[in-house]
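Chain residues, written in single-letter form:
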Amino acid sequence: MHIDIITVLPEILQGPFDCSIIKRAQKQGLAEIEIHNLRDYSTDLKHRRVDDAAFGFSAGMVMQIEPIDRAITHLKSLRHYDEVIYTSPDGETFNQGMANSMSMYENIIILCGHYKGIDHRIREHLITKEISIGDYVLTGGELAAAVITDSLVRLIPGVLHDEQAAFSDCFQDDLLAAPIYTRPADYKGWKVPEILLSGNERKVREWELEQALERTRQLRPDLLEKRNM
Ligand code: ADE
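None of these values were measured; they are calculated from a predicted model. (Residues numbered from 1 in each chain as written. Predicted model: local features only at pLDDT ≥ 70, side-chain atom pairs only at ≥ 80, totals over all residues. Heavy atoms only, no water.)

**Q** Before we go on, may I ask you to explain the nonpolar core in this structure?
**A** The nonpolar side chains of a soluble globular protein tend to be buried with one another. Judged by nonpolar contacts, the single largest core of 28 residues is most densely connected at Ile 5, Phe 94, Met 102, Ile 110, Leu 152 and Val 153. Listing elements by their share of this core, those giving two or more residues are β1 (2-7), α1 (20-27), α3 (96-102), β6 (107-112) and α5 (142-153). Examining the composition of this core, we find that 5 residues originate from one element, α5, more than from any other. By size, the runner-up hydrophobic cluster in this structure holds 19 residues, among which are Met 63, Tyr 81, Ile 109 and Leu 111. (Core = buried A, V, L, I, M, F, W, Y, C linked by side-chain atoms within 4.5 Å. Buried < 20%, exposed > 50% of the residue type's maximum accessible area, 1.4 Å probe, protein only. Helix = DSSP H or I, 4+ residues; strand = E, 2+ residues; numbered from the N terminus.)

Below, the structure written as structure tokens:
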């Protein structure tokens, strides 16, 4: 998968993709993540500005149409994109189902929102999907782009050592994951559930499903309602 992220703050995105699983995925050639500084596409060669005051009476700066159009048009001349995503608090709320289907894509662009937002004509003409990572407002869309990228890349076949690991995640099947434990089996008298030490795979799997259902019932009953719909 090739992910192009367009941002006015590339430095925020330096860290998240340069360690652990996402770094390894890039080294193995399973994912390519390219960060593009929107200022490189500015029409203002001197100050590299990419924002301007909003028309009307609302306060705050707006990301200009031309640098974004230039950036997206340039990228589109290099490859075909499955989706041009805009990160914004008023987009569709991101979830595991969306991550699962988007992980099949070959190429995506993620445009990080900033300031008051982007000129609305970009949303009408260039953006194919708008995503929010939750009902709260961040200072910009960069962290949202990092969250989306991380969740997609880990689902690419070959990225996780244990392919099955992704299937037992929270939210797969709209269930929270069962509790997990490691050695020692008894720490200060805090014991690991006996069943996990039994070696009986069928019984362990049944227990895990029961636990997943119980935790979901207690913590996220809304997911069970969705499951029964
Ligand atoms: N930009 C600011 N807040 C955001 C959010 N919650 N999700 C996506 N992008 C954002």
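**Q** For this particular structure, what's the right way to read the layout of surface pockets?
**A** Roughly 540 Å³ of volume is contained in the largest pocket. Phe 167, Ser 168, Asp 169, Ala 178 and Glu 208 are the residues nearest the centre of the largest pocket, which is lined by 18 residues in total. Contributing elements (two or more residues each) for the lining of the largest pocket: α6 (163-167) and α7 (201-219). The dominant element in the lining of the largest pocket, judged by the number of residues it contributes, is α7, at 4 residues. Looking at the lining of the largest pocket, its residues break down into 10 nonpolar, 3 polar and 5 charged. (1 Å grid on protein atoms, 1.4 Å probe; cavity = no way out; pocket = protein on both sides within 12 Å on 5 of 7 lines; lining within 4 Å. Points joined across faces, edges and corners; volume = space filled by probe spheres on them. Nonpolar A, V, L, I, M, F, W, Y, C, P; charged D, E, K, R; others polar.)

**Q** I keep staring at the site of the ligand and nothing clicks. Help me out?
**A** Near the ligand lie 13 residues; those nearest to it are Ser 88, Ile 133, Gly 134, Tyr 136 and Leu 138. Taking Ser 88, its main chain carries an N or O atom lying 3.2 Å from a nitrogen atom of the ligand. Taking Leu 138, its main chain carries an N or O atom lying 2.9 Å from a nitrogen atom of the ligand. Contributing elements (two or more residues each) for the shell around the ligand: β5 (83-93) and β7 (129-132). Examining the composition of the shell around the ligand, we find that 3 residues originate from one element, β5, more than from any other. Among the residues making up the shell around the ligand, the classes are represented as 7 nonpolar, 6 polar and no charged. (Near = heavy atom within 4 Å. Polar contact = N/O pair within 3.5 Å; in protein donor to acceptor, adjacent residues only side chain to side chain.)

**Q** For this particular structure, what's the right way to read the side chain of Thr 216?
**A** Tracing the backbone through its elements, the reader meets Thr 216 in helix α7. A distance of 2.9 Å separates a polar atom in the side chain of Thr 216 from the backbone nitrogen of Leu 176. At 2.5 Å, the side chain of Thr 216 forms a polar contact with the backbone oxygen of Ala 212. What Thr 216 contacts, discounting residues up to four positions off in sequence, is Asp 174, Leu 175, Leu 176, Pro 221, Leu 223 and Leu 224. (Contact = heavy atoms within 4.5 Å.)

**Q** Explain the sheet that holds β7 to me, please; I cannot follow it from the model alone.
**A** Whether parallel or antiparallel, the strands of a sheet pair through hydrogen bonds between backbone atoms. What the 5 strands build is an open sheet, ordered β2-β1-β6-β5-β7; its pairing is parallel. Since the sheet does not close on itself, it has two edges, and those belong to β2 (32-37) and β7, each with one partner. With direction set aside, neighbouring strand axes in the sheet form an average angle of 30°. Bridge analysis of β5 against β6 gives 5 bridges, and the strand direction is parallel. Pairing of Glu 83 across the sheet is with Ile 108, part of β6. (Pairing = 2+ DSSP bridges. Axes fitted to C-alpha atoms, helices over the stretch in contact; angles between N-to-C directions.)

**Q** Whenever I open this one, the environment of Leu 155 confuses me. Can you help?
**A** Locating Leu 155 in the fold gives a position in the loop between α5 and α6. Each C-alpha atom, one on Leu 155 and one on Ala 165, is 9.7 Å from the other, the two residues being 10 residues apart in sequence. Beyond its immediate chain neighbours, meaning those up to four positions away, Leu 155 contacts Gln 96, Ala 99, Asn 100, Ser 103, Ala 166 and Gln 172.

**Q** Help me understand the side chain of Ser 132, please; the structure alone is not making it clear to me.
**A** Its place among the elements puts Ser 132 in strand β7. Classification of Ser 132 as buried rests on a relative accessible area of 2%. Non-local contacts of Ser 132, meaning those with residues more than four positions away in its chain, are made with Ser 88, Pro 89, Gly 91, Glu 92, Thr 93 and Phe 94.

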